[in-house]
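# Chains, contacts and geometry: an overview
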Amino acid sequence: MGSFLLRRSGVMLLTALCLTFIVFFLTNLEPNLEKLTKSEGNMRMSDAQVQSWLEKNGYRQSLIKRYGEWLGVAPGWTRTDEDGKTTGRCIKRGVDPENPPKYCGMLQGNWGFSLVFKENIKGIIAEKLALTGKLMLCVLLVMVPAALIIGVVAGMREGTKTDRSLSAFSILTTSTPEYVSGVIFIIVFASKFGGLRWFKGTAATAMDNITFENFTLPVITLALYGVGYIARMTRASMAEVMTEQYIRTARLKGLSFSGVVLKHALRNALIAPFTVIMLQIPWLLTGVVIVETLFNYKGFGWTLVAAVGNNDIELLLACSVVAVFVVLITQLISDIGYAFLNPRIRVS
Amino acid sequence: MDRLTALEITTRILAQFTPVWIGLFVILLVSWALRRKLGLYGKLFGSAIGVSGLILVLFWILTAIFADSIATMDPLTQISGMKNKKPGWPVSGMEGQWYLLGGDNLARDVFSRMVKGSQIVLAIAPAATIFAFMVGITLGLPAGYFGGKFDTLLSFLANLVLAFPVILLFFLLVTPEIRETGVPLVMSGVLFLFPIIFFIMLFYSRFKEQPTKLFITLAVTLVLGGWAYSGLAFNKDPFGVFYMDPNLLNIFVSVVFVNSPTVFRIVRGLTIDIKTRDYVAAAQTRGETPWYIMLWEVLPNARGPLIVDFCLRIGYTTILLGTLGFFGLGVTPESPDWGMTINEGRKLLAVYPHPALPPTIALMTLVLGLNLLADGLREESLRD
């Protein structure tokens, strides 16, 4: 188990390094830098001016070096111009220019400054993640129990009418991406067209004060797409367990059907869905971006869209790092959890 | 002229779809009559889920084929006075013409845009899926069959792409800026090579001992493949037949890139499983080359799960294309593709819901059809 953990974490770190490098490369492409220069300086800069600005601000070093600086493993650049004024990556306002810190990257907690929000990125990310965290928590609280119940009920008596209709429902939800269900929900439940007006079609007010009225639609929209997938996995796993010998033995012993399901089948049937649920969390990220845009809930996904739309390179990088780590950590947890839950792997 | 009633709108829409109904009827009748001779496809008629999926998919395929006669208006023409008009509104200045499902924010016909949009979706999604399968199969077979360092490296790369949040990858890859740098060109240059490699290996391993057949098949592959390759990847087709808009190429390549690692993993897993079978051992004893075994022994026996995944993946690709459209990264700004239309419609959802609703339902039914079809195929292929 120890060496497994170690190897797994090693691969994860390597993956994280590769992924952040790719993101770094893609966000720092030449046209993006030129756009950045023009928005930092002024729109009518000549090409030569753009180049000299990039040169002055350390964008003309090799990509590897800049990645190292951004990460915080290579010393930040410094430069003394003709007037003897020293500028550098680590020399910001409030820092002694004579004696700047040597490293200032992500690892040192220096996440940079957002151009869109005019704030420190660390603060923005923390605030937005908290908002998205609330959304995710509600989604998981709705999605997981619903999916497990549907899957177990459908899988415990394979081939019955209940099974067929629940399976059809699962297929329907997996065919309905968030931007489709969200639009339909808003039309039915939040516009005069549907006539119901039970909920609000925007979750902008939910950022300060979550109510049943303004938070239901985003949560349901997000949960629905995942429900079908998890339910189908649970159903398959449950149906497989129900054909095992020990279930038949328990049944022949005289245990009631519900007793067999609750005591013998469930524990074994829920191992596979656990992995699926953990792996579903990164999938939710795409959904979060869509739902937050659709319902105007200014969380992490909304920030990502804003960063992309405004060429805010540092904010986009920070968002990407967070997203990549969420994905990798859930993968790690799902691997470890699977090994831990499955006695066959745990013992060996 | 008066506005049409709900009943009149329904009848008129159903009437517009006449070619589709006829086509659907003929195809289903013929397939049903020949169902015992059609293998897996024929067996599909044994499951209600499979048939309903097939009907939905066929409906949209036929709609895409007959789109020109189904659409009542031009999907791009804006007619003054028709902005955001309700369904069934008569077109001003045109006798006997209605906007059957109303007008959108730019005074275009919602119904015709939905119908025309099916062409875009049904052209890109299956093509991108086929390319992703070519890449996944060409790399997954040797990775699973040989194992070792090659497998470790490829699996690491596949996991790398899979660990990327899809939406982030799209935001980074599908931008106007990235086209200036040539990254999509490099990617298409690499990804579009795989189908050619696949077919060369396929024919070479089979006809190695028969020079005439080998020469003919390889020549056809190289000429056709090279022709399409030059046109699609680099837009250098001397005859101008194969051409892809730079923006479309960008989207296409990104979608293939996102899908192929998953296909790779599936093919690799299937290969590892199948290579322990007796018929593979028999082929090895006969002295067949590894590529012959992979392409002519392993691959045909992995077709069941691959066909099922193919259906699911077209649906998933449709969803991905819609997602791109939803964020305004669609094919072209004016194009009637469903994701873009949903994106335009959602902005005025509370006031005018009718422009957004038809494309959402269209997209949902198409994906639903594909998923049901996959489910039916899985059920039937597991039966024997």
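In what follows, the accompanying structure is described. Quick caveat: nothing in here was measured; it's all calculated off a predicted structure.

## As for the overall build of chain A
- Looking only at helices and strands, chain A features 14 helices and two strands.
- For chain A, the C-alpha radius of gyration of 26 Å lies well beyond 20 Å, the compact-globule estimate for 348 residues.
- Buried residues in chain A amount to 47% of all 348 residues.
- When contacts within chain A are restricted to residue pairs at least 6 apart in sequence, those whose partners lie at least 24 apart make up 65%.
- When the accessible surface of chain A is split by element, carbon and sulfur atoms take 62% of a total near 17300 Å².
- Distance between charge centroids for chain A: 12 Å, based on 35 positive and 24 negative side chains.

## So, the pattern of salt bridges
- Summed over all chains, the structure comprises 16 salt bridges over all chains.
- The closest approach of N and O atoms between Arg-235 of chain A and Asp-163 of chain A, which form a salt bridge, is 2.7 Å. With Arg-235 of chain A in helix H8 (residues 212–242) and Asp-163 of chain A in helix H6 (residues 161–174), the pair connects residues that are 72 residues apart, well separated along the chain.
- The exposure class of Asp-163 of chain A is buried, given its relative accessible area of 3%.
- For Arg-378 of chain B, the salt bridge goes to Asp-375 of chain B, with nearest N and O atoms at 3.5 Å. With Arg-378 of chain B and Asp-375 of chain B both in helix H18 (residues 357–383), this residue pair falls three residues apart, about one helical turn.
- The exposure class assigned to Arg-378 of chain B is partly exposed, which follows from its relative accessible area of 30%.

## Brief notes about a nonpolar patch on the surface
Residue and element names in this part refer to chain B.
- Taken together, the side chains of Ile-22, Phe-25, Val-26, Leu-29, Val-30, Leu-34 and Leu-38 define a hydrophobic patch exposed on the protein surface, amounting to about 630 Å² of accessible area.
- As for its placement among the helices and strands, Val-26 is situated in helix H2 (residues 18–33).
- A residue is classified by how much of its surface remains accessible, and Val-26, at 44% relative accessible area, is partly exposed.

## Looking at helix H7 (residues 178–190) of chain A
- Where burial is concerned, most of H7 of chain A is hidden: eleven out of the 13 residues are buried.
- Here the buried face of H7 of chain A lies against H8 and helix H11 (271–294) of chain A together with helix H16 (303–326), helix H17 (338–346) and H18 of chain B.

## Re the environment of Val-291 of chain A
Residues and elements named next belong to chain A.
- Note that Val-291 resides in helix H11.
- Val-291 gets classed as buried once you look at its relative accessible area, which sits at 2%.
- Linking Val-291 and Tyr-179, residues 112 residues apart in sequence, is a C-alpha distance of 7.2 Å.

## Quick word on the packing of aromatic side chains
- Going through the model one piece at a time under the given rule, you end up with 28 aromatic pairs over all chains.
- Each ring, one from Tyr-67 of chain A and one from Trp-70 of chain A, has its centre 5.8 Å from the other, and the planes form 35°; the classification is tilted. Here Tyr-67 of chain A pairs with Trp-70 of chain A, and both are found in helix H4 (residues 63–71), just three residues apart, close to one helical turn. Both residues of the pair, Tyr-67 of chain A and Trp-70 of chain A, count as buried.
- Note on Tyr-179 of chain A and Phe-326 of chain B: the rings are 5.7 Å apart at their centroids and 25° apart in plane angle, and the pair reads as stacked. Of the two residues, Tyr-179 of chain A is situated in helix H7 and Phe-326 of chain B in helix H16; the pairing between them involves two chains.
- Overall, Phe-326 of chain B belongs to the buried group, its relative accessible area being 1%.
- By way of ring pairs, the aromatic residues Phe-17, Trp-21, Phe-59, Trp-60, Phe-111 and Trp-338 of chain B are connected into one cluster.

## Quick word on the packing of H16 of chain B against H18 of chain B
Residue and element names in this part refer to chain B.
- Viewed as axis vectors pointing N to C, H16 and H18 meet at an angle of 165°, and their least axial separation amounts to 8 Å. Comparing the axis directions of H16 and H18 gives the class roughly antiparallel. Note that H16 runs across H18; the crossing there is left-handed. Two secondary-structure elements touch here, H16 through Ile-307, Val-308, Cys-311, Leu-312, Ile-314, Gly-315, Thr-318, Ile-319 and Gly-322 and H18 through Leu-363, Leu-366, Val-367, Leu-370, Asn-371, Leu-373, Ala-374, Leu-377 and Arg-378.
- For the contact of H16 with H18, a count of residues per class yields 13 nonpolar, four polar and one charged.

## Here's the deal with a positive patch on the surface
- On the surface, a cluster of positive charge is made up of Lys-192 and Arg-197 of chain A together with Arg-3 and Lys-86 of chain B.
- Examined against the element boundaries, Lys-192 of chain A turns out to sit in the loop between H7 and H8.
- Of the residues examined, Lys-192 of chain A reaches a relative accessible area of 58% and is grouped as exposed.

Thresholds applied
- Residues numbered from 1 in each chain as written.
- Chains lettered and ligands numbered in written order.
- Predicted model: local features only at pLDDT ≥ 70, side-chain atom pairs only at ≥ 80, totals over all residues.
- Heavy atoms only, no water.
- Helix = DSSP H or I, 4+ residues; strand = E, 2+ residues; numbered from the N terminus.
- Rg over C-alpha atoms; globule rule 2.2 N^0.38 Å.
- Buried < 20%, exposed > 50% of the residue type's maximum accessible area, 1.4 Å probe, protein only.
- Contact = heavy atoms within 4.5 Å.
- Areas by Shrake-Rupley, 256 points an atom, 1.4 Å probe, with all protein chains shown as cover.
- Lys, Arg positive; Asp, Glu negative; His and termini not counted.
- Charge placed at Lys NZ, Arg CZ, Asp CG, Glu CD.
- Salt bridge = Lys/Arg side-chain N within 4 Å of Asp/Glu carboxyl O.
- Patch = residues over 30% accessible without salt bridge, like charges linked within 9 Å, V, L, I, M, F, W, Y side chains within 5 Å.
- Phe/Tyr/Trp six-rings, centres within 6.5 Å; stacked < 30°, edge-to-face > 60°.
- Axes fitted to C-alpha atoms, helices over the stretch in contact; angles between N-to-C directions.
- Parallel < 35°, antiparallel > 145°, perpendicular 65-115°, else oblique.
- Left-handed = near helix turned anticlockwise from the far one by under 90°.
- Nonpolar A, V, L, I, M, F, W, Y, C, P; charged D, E, K, R; others polar.

Don't take any of this as a statement about function, it's just geometry.
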